[in-house]
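Here is what each chain is made of, one letter per residue.
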Amino acid sequence: MSLKTAIRLLLAVSAAAATPGVLMPTPPMGFNNWARYMGGLNESLFVDTAEAMVAKGLLAAGYNRLNLDDEWSLMERAPNGSMLWDPAKFPRGLPWLTSFMKSMGFIPGIYTDAGNLSCGGFPGAYGYEEIDSGTFAEWGFEYLKLDGCNMPDTTEATYRRVYGKWHDLLSSQANPMAFSESAPAYFAEADNLTDWYTVMAWVPQFGQLARHSRDSLVWNSTNYWPDITGWDSITFNYGQQVRLARFQRPGYFNDPDFLNVDHFDYSIDEKRSHFALWCSFSAPLILSTDVLNMTDDEVAYLTNKDLIDVDQDPLVQQATLVSQDGTWDVLTKSLYNGDRLLTILNRGNFSGDITVPWSRIGIFPDELATPATVDVKDLWTASTNSLSLDGDEGITATAIPVHGTAVFRISNPSPGDAIRTIPTGMIFNTFSIHCLTDSTSGVVTWEACVGSDAQVWRVKPDGHINSLLRPDECITVDSGKVLSRHSGCDAGSSNRWDYFVSGNLVNAAAGLCLTENQSGGPNAPATVAHCDYMTNEQVVALPVGVAI
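Each value, and the rule that gives it
- Residues numbered from 1 in each chain as written.
- Predicted model: local features only at pLDDT ≥ 70, side-chain atom pairs only at ≥ 80, totals over all residues.
- Heavy atoms only, no water.
- 1 Å grid on protein atoms, 1.4 Å probe; cavity = no way out; pocket = protein on both sides within 12 Å on 5 of 7 lines; lining within 4 Å.
- Points joined across faces, edges and corners; volume = space filled by probe spheres on them.
- Helix = DSSP H or I, 4+ residues; strand = E, 2+ residues; numbered from the N terminus.
- Nonpolar A, V, L, I, M, F, W, Y, C, P; charged D, E, K, R; others polar.
- Buried < 20%, exposed > 50% of the residue type's maximum accessible area, 1.4 Å probe, protein only.
- Arc of directions from axis to C-beta.
- Contact = heavy atoms within 4.5 Å.
- Pairing = 2+ DSSP bridges.
- Axes fitted to C-alpha atoms, helices over the stretch in contact; angles between N-to-C directions.

## Observations regarding empty space enclosed by the protein
- All told, the structure shown has three cavities of 30 Å³ or more when counted by the stated rule.
- In this structure, the largest cavity spans a volume of roughly 110 Å³.
- Contributions of two or more residues to the lining of the largest cavity are made by β4 (143-147) and β6 (209-211).
- The residue inventory of the lining of the largest cavity, partitioned by class, reads five nonpolar, three polar and four charged.

## Observations regarding helix α6 (residues 129-139)
- Of all the residues in α6, the buried ones are Glu129, Asp132, Ser133, Thr135, Phe136 and Trp139. The buried residues of α6 occupy an angular sector of 160° when the element is viewed end-on, so they sit on one face.
- In the core, the buried residues of α6 are packed alongside α5 (94-104), β3 (107-113), β4 and α7 (156-171).
- A positive phi of about 105° marks Gly140, the residue just after α6.

## Some details on unusual backbone geometry
- If you check the backbone angles, Glu189 has positive phi at about 70° while not being a glycine.
- According to the relative accessible area criterion, Glu189 is partly exposed, its value standing at 46%.
- At Ala382, a residue that is not glycine, the phi angle is positive and equals roughly 70°.
- Inspection of the secondary structure puts Ala382 in the loop between β13 (373-378) and β14 (384-388).

## Section: the sheet that holds strand β9 (residues 320-324)
- Pairing is antiparallel in the open sheet, where six strands are placed in the order β9-β10-β11-β16-β13-β14. Each edge of the open sheet carries a strand with a single partner, namely β9 and β14. The mean inter-strand angle of the sheet, taken between neighbouring strand axes irrespective of direction, is 25°.
- By the bridge criterion, six bridges tie strand β11 (residues 340-346) to strand β16 (residues 405-411) in an arrangement that is antiparallel. Looking at β16, one finds that Leu345 is bridged to Thr405.

Written as structure tokens, this is what we have:
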């Protein structure tokens, strides 16, 4: 596939996803049994969970989906080819269960696998797509999670064909079914990420959410992955999620998997961070936990209205990295009403304080009309302070615990007025996770991310890009190398950079892509080269809010 053909495809996908009347405009919230109970699902579990979610205020908070995962069926199909629920697990049948769920105010969802067998060895749907899609609708389900184990082959083309068939079937039903796609997870972590990026590009065309990487740890995870801690699991999926913000939009959501709330290996601060980060991403909030025995602290943070409002914000931007230095991750995004979100994650081993300057939040009073003061609400404590853009250096978070978060919502004190910002943050290669790095000499390189001003970039609406280190110099191209020069800020298209859903950052004058030579060693110079199709060398992440 040529790059031009691929870009036309990606633009078509983006346009289709932006069409009004999307099936699921904001990310789903609810419960799935897998991470907590695996194959131990049954009728009583879902009845008791539904009643507990009502009693604990989870349904009222927005958690309105109840999804069955793998191993709900018998090991064989009926003689006519249709699936059969396990009557020992579901004595009154799945139609009864979906009716019960709906009577309680929930939306029922079910699982199947795109291959010949499910991941647990139960019947897969390959070759039975028409029968199964009709059966699931007849039973009353309105949401389908389609896993990707045991496919006829493991090529991207086969996954695209099978998932595309499911899209056609589900979207043509009288009541189209929400579609959760697991295809991308089967292409993550490869030495060459082209197929992963390719799958991520087509899943928004087919469904409403896609799980892109590893499963959240199951409750008894030490039996399967003894060397992976709970925090490792959260930060791994978080690290995959931050590479993919360009794909998310109203009606489609990147899915970093379940909130496995009662996993034994989390501190309460890690649990709260898990939730806060997923909310900052506007990610699906699907609980997989023993809801009946949730603690008061767990219910309290999971029903934090301020954070749920961020997750369900109609703009559904995925927060992106401003900086990352090994201890502190800083992320921002904009909200539908014009507010700005600031999320800070402490990845270190000690509690600490941090001040994030206004410029790193994307606020530039000298360039954009900005109020003299802003209201800053701490979304954990619900307290609001008024800060001066002149007198205060920025927003200071104090005593953030180990693996904890601080989350702030920044508002214009004048009702109805927005906080005007410029997209600001890291530009990084999503394979190497090296940051584009400016220097006082104007030589631009790829280096390990250390959180310096040389690695925080502003991307202006006219496509000019400059670092906070050198605010009067913009990146330009000279003899194939990327440099920051005052002339790079000259008006016109010669120094404009265009960003595509493919992840390519293209210099408009040269028609060449920003490139990292993967064999160039540390501090390799940033260059431009012929644009190839979603290669490790040329796929980069930019701050959210940049036009795509």
